[in-house]
Every structure is written in C-alpha cells, then in structure tokens.
Amino acid sequence: MGHHSIDLDLDAALAPPHACPACRSSDLRPVCGEQGLVFLCPGCRRTWVSELGALLPAEQPEPVVAMPRPRSSP
Ligand SMILES: [Zn+2]
C-alpha cells in the first residue's frame, strides 16, 4: 500500500486499455493509425489513443479527398 515505482507506472502506461470510455465495450482492437497505435471500438466506432494509461479520443484521419480550403490572400 502506498508503494510506488516507475515500473508500475510503466506497466500502467503500456498496458492495453480495459474498456471503451464511451460505451464501456471491452472489445477494443489495437490498430496502427497516423497517430501510431490507436484503439478502435467496434461498439461505438470511436478511436482512442492510449496516453499514460488513459484513453483519449483520437483525431479521425483526414479524408482522402480533401476539400479545398478557402485561403485568404492579402
Ligand atoms: Zn465504444
């Protein structure tokens, strides 16, 4: 109790996430995305990134066909 170590922190950081924060599905699947290793939830179709043991929502990849953005020129 109250015993901390770097090893435990690393284990928490490297351990796969337990469940989807959104729908609590435990069927997260690790996939390689542009952000590195992301976790795809088949339940709610969200993608998550694991940072220090916490799941954060991952940015969706840009669509292949990007719309031209209006660029204000001086
Ligand atoms: Zn989910």
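Residue positions are given per chain, counted from 1 along the sequence in the order it is written. In keeping with the model being predicted, local features are shown solely for residues with a pLDDT of at least 70 and side-chain atom pairs are shown and tallied solely at 80 or more, while totals for entire chains, interfaces and linings include all residues. Hydrogen atoms and water are omitted, and side-chain values are computed over all heavy atoms in the structure.

Below, the discussion takes up the overall build of the protein chain. Scanning the protein chain from terminus to terminus reveals 1 helix and 4 strands. In the protein chain, buried positions account for 16% of the 74 residues. Across the protein chain, contacts joining residues at least 24 apart in sequence account for 21% of those joining residues at least 6 apart. As displayed, the protein chain offers around 6500 Å² of accessible surface, 58% of which is attributable to carbon and sulfur atoms. Strands here mean DSSP runs of E at least two residues long; helices mean DSSP runs of H or I at least four residues long; both are numbered from the N terminus. Whether a residue is buried, partly exposed or exposed follows from its accessible area with a 1.4 Å probe, protein chains only, as a fraction of its type maximum: under 20%, in between, or over 50%, in that order. Any two residues having at least one pair of non-hydrogen atoms within 4.5 Å are treated as being in contact. Residue-level accessible areas treat just the shown protein chains as cover; the underlying method is Shrake-Rupley with a 1.4 Å probe.

As a further point, take the confidence of the model for the protein chain. Low pLDDT means the predicted atomic positions in that stretch should not be read closely. What pLDDT conveys is the predictor's confidence in a given residue, as a value from 0 to 100. Model confidence for the protein chain is summarised by a mean pLDDT of 74, while 61% of its residues fall at 70 or above. Within the protein chain, the lowest mean pLDDT, 60, falls on helix H1 (residues 6–14), and the highest, 86, falls on strand S4 (residues 54–57).

A few words now on the pattern of salt bridges. When a carboxyl oxygen of Asp or Glu lies within 4 Å of a side-chain nitrogen of Lys or Arg, that pair is called a salt bridge. Under the defined criterion, the tally for this structure stands at 1 salt bridge. Close ionic contact of Asp27 with Arg29 constitutes a salt bridge, the shortest N to O distance being 3.3 Å. Arg29 sits in the partly exposed class, given a relative accessible area of 47%.

Next up on the list: the pairing of strand S3 (residues 47–51). Think of it this way: DSSP has to see at least two bridges between two strands before they count as a pair. Pairing of strand S2 (residues 36–40) with S3 involves 3 bridges; the strand directions are antiparallel. Considered in S3, the bridge of Leu40 is made with Thr47. In sequence, S2 turns back onto S3 through a hairpin of 6 residues, with Arg45 there showing a positive phi of about 60°.

Coordination partners: N, O, S within 2.8 Å of the metal, 3.2 Å for Na, K and Ca; water not considered, so apparent gaps in a site are possible. Summarising the metal site, the zinc ion is bound by the protein donors Cys20 (SG), Cys23 (SG), Cys41 (SG) and Cys44 (SG), whose distances to it range over 2.3 Å. Metal sites are grouped by the angles between bound donors: all angles between 85 and 135 degrees with four donors is tetrahedral, opposite donors over 155 degrees apart with the others between 65 and 115 is square planar for four donors and octahedral for six, and any other pattern is irregular. Here the zinc ion binds 4 donor atoms, and the angle range of 101 to 118° at the metal identifies the geometry as tetrahedral. All donor residues of the zinc ion come from one chain, and their arrangement in sequence is C-x2-C-x17-C-x2-C. Of the residues examined, Cys41 reaches a relative accessible area of 0% and is grouped as buried.

Now for the side chain of Ser25. Within the secondary structure, Ser25 is located in the loop between H1 and strand S1 (29–33). Judged by its relative accessible area of 17%, Ser25 is buried. Not counting residues up to four positions away in its chain, the partners in contact with Ser25 are His18, Ala19, Cys20 and Cys41.

Here we come to unusual backbone geometry. In this structure, Arg24 is a non-glycine residue whose phi angle is positive, near 65°. Within the fold, Arg24 resides in the loop between H1 and S1. Phi is positive for Arg45, which is not a glycine, with a value near 60°. With respect to the element layout, Arg45 can be found in the loop between S2 and S3.

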